[in-house]
Amino acid sequence: MPGIDECLLEAMRLPGARGAALVDWTSGLALGTVGEAPGGDHETTAAEAAELARMAAEHGAFTTGDTTDGRPPVEDVIISNRDSYHLLRFVDTSFDSSVFLHLWIGREDGNLALARIRLGEMAARLVLG
Amino acid sequence: MTRVGTPPPLPVRDRTAGQDRTAGALSPMLRRLAEEQATGVLVREHGTLYLAQGRVVHAESPLAPGLDVLLTAHGTLAAAAWQRAAAQATGTPDAARLLLEAGLLPAGALELCHLDALYDAGYFALAPSSTPGRFRYDSGSRIGPLSSVPVIALERETLRRRLLLHRLWPDPAADSVPLIRADPVAAAPVTPRRRAVLDRVDGVRTAPEIARNLGRQAFHTLVDVRRLAAAGLLRPVRTAPAPPPPTPPLTVTDPDIALLKRLRDALEAL
């Protein structure tokens, strides 16, 4: 059964992966980090990514509407720039939490569609075993 | 068209400020214990930190729901299973280890919940206190299998959390006293998570009590409460100040609070 580090290391095996983190979007705390971070600073990246995740999760425009079951209102947030992709995957936990997996992949060798599917599977395995 | 004000950004440490002043800013005693890689239990006014070889392995606070509450409140783990493990264990980390070994909890879920609870209780344990902390050397705390956290990481995160709350709404009264609903000037949309908090505001419960009731981290609830207070949807119940007692003949001057605090810090640093 994987722990947080094993989950992040698995994410790093995806093609083009540069860095990964597990972040709490209420506080902005990185609960685990691996690899590089944009600007070399995981702490700042976590706080900024948390801000983005929170905005997506809390604004009705981006959610499914039915948010009474305690599940994350958003599945993932995708950012692309000229050089790389950022993929934020909300983790659906059976206990109350507000965490997401953040994967940073290079655009040249990364595969966004594959990464999105795999990250979703990793997020599920992290908490379900 | 309505506009939503941009919320304050999550704080990040100012790396341009040169030397990191986090170390020892919250408790000089904790800093010293980290440096000597102490193993034992640091009891402070609002919570307890368990150290092993200078790292924080577990934290407890009466203000923060424990690992047991977080795991059982939403059915991740049956309450009976926790009680069985707790009855055989020497403490919360040990009970968690037993549950992990018995395969009753996925490692990732337990690790995540454990870190959530540790930073949550640690935040309160490191809150400003009016009495000095006490440390007891005790070889009972051990590293692993659950993750441990360097003291500096907990200190840094606690300071960052304080700053985050302050930026959301600068009045700390809402953190600890009973809350009551208020009529906002303009009705603002409330997210489902914050709606659940607001629904439990009844003029009696405090924010930590609401967190326990919801099986949520107390700090997360403080964030929601401060945001709701900023939106004008709730406010702390102000207890009427007690009528001033008849003035006794003045025999002592006011104690110098700053001096007492310096004295306490000096005693902790011994």
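Residues numbered from 1 in each chain as written. Chains lettered and ligands numbered in written order. Predicted model: local features only at pLDDT ≥ 70, side-chain atom pairs only at ≥ 80, totals over all residues.

## Some words on the overall build of chain B
Then comes step 1: Of regular secondary structure, chain B possesses ten helices and seven strands.
Then comes step 2: The buried share among the 270 residues of chain B stands at 40%. (Helix = DSSP H or I, 4+ residues; strand = E, 2+ residues; numbered from the N terminus. Buried ≥ 20, exposed ≤ 12 C-beta atoms within 10 Å, placed from the backbone.)

## Considering the sheet that holds strand E2 (residues 30-35) of chain A
Residues and elements named next belong to chain A.
Then comes step 1: Sheet architecture is open: five strands sit in the order E2-E1-E5-E4-E3, paired in antiparallel fashion. The outermost strands of the open sheet, each flanked by one partner alone, are E2 and strand E3 (76-80). Neighbour-to-neighbour, the strand axes of the sheet open up by a mean angle of 10°, direction not taken into account.
Then comes step 2: The pairing of strand E4 (residues 84-90) with strand E5 (residues 99-106) spans seven bridges and is classified as antiparallel. Bridge assignment links His86 to a residue of E5, and that residue is Trp104.
Then comes step 3: Set on the sheet, helix H2 (residues 42-58) makes contact with strand E1 (17-24), E2, E3, E4 and E5; between it and E1 the angle comes to about 65°.
Then comes step 4: Helix-sheet contacts for helix H3 (residues 112-128) involve E3, E4 and E5, and the interaxial angle to E4 is about 25°. (Pairing = 2+ DSSP bridges. Axes fitted to C-alpha atoms, helices over the stretch in contact; angles between N-to-C directions. Contact = placed C-beta atoms within 7 Å.)

## Comments concerning the packing of helix H7 (residues 192-199) of chain B against helix H9 (residues 218-230) of chain B
Residue and element names in this part refer to chain B.
Then comes step 1: Put simply, H7 and H9 touch, their axes get as near as 10 Å, and they point 85° apart. Classified by the angle their axes make, H7 and H9 are roughly perpendicular. On H9, the residues that touch Arg193, Arg194, Val197 and Leu198 of H7 are Thr221, Asp224, Val225, Arg227 and Leu228. (Parallel < 35°, antiparallel > 145°, perpendicular 65-115°, else oblique.)

## Let's talk about the interface of chain A and chain B
Interface size is commonly expressed as the accessible surface area that is lost when the partners come together.
Then comes step 1: In this complex, chain A contributes 30 residues to the contact, which on the side of chain B involves 32 residues.
Then comes step 2: Elements supplying a minimum of two residues to the side of chain A that touches chain B: helix H1 (4-12), H2 and H3 of chain A.
Then comes step 3: With six residues, the single largest contributor to the side of chain A that touches chain B is H2 of chain A.
Then comes step 4: The class makeup of the residues in the side of chain A that touches chain B is 13 nonpolar, 13 polar and four charged. (Nonpolar A, V, L, I, M, F, W, Y, C, P; charged D, E, K, R; others polar.)

## So, unusual backbone geometry
Residue and element names in this part refer to chain B.
Then comes step 1: Phi at Gln37 is positive, roughly 55°, even though this residue is not glycine.
Then comes step 2: For Gln37, the location among the structural elements is in the loop between helix H1 (28-35) and strand E1 (40-44).
Then comes step 3: A positive phi is found at Gln53, a non-glycine position, where the angle reads about 50°.
Then comes step 4: Examined against the element boundaries, Gln53 turns out to sit in the loop between strand E2 (47-52) and strand E3 (55-60).

## Some words on the sheet that holds E3 of chain B
Paired through backbone hydrogen bonds, the strands of a sheet run either parallel or antiparallel to each other.
Residue and element names in this part refer to chain B.
Then comes step 1: What the five strands build is an open sheet, ordered E4-E1-E2-E3-E5; its pairing is antiparallel. The open sheet is flanked by strand E4 (134-137) and strand E5 (149-150), the only strands paired with a single partner.
Then comes step 2: The sheet contacts of helix H5 (residues 107-125) involve E1, E2, E3 and E5, and relative to E3 the element is tilted by about 80°.

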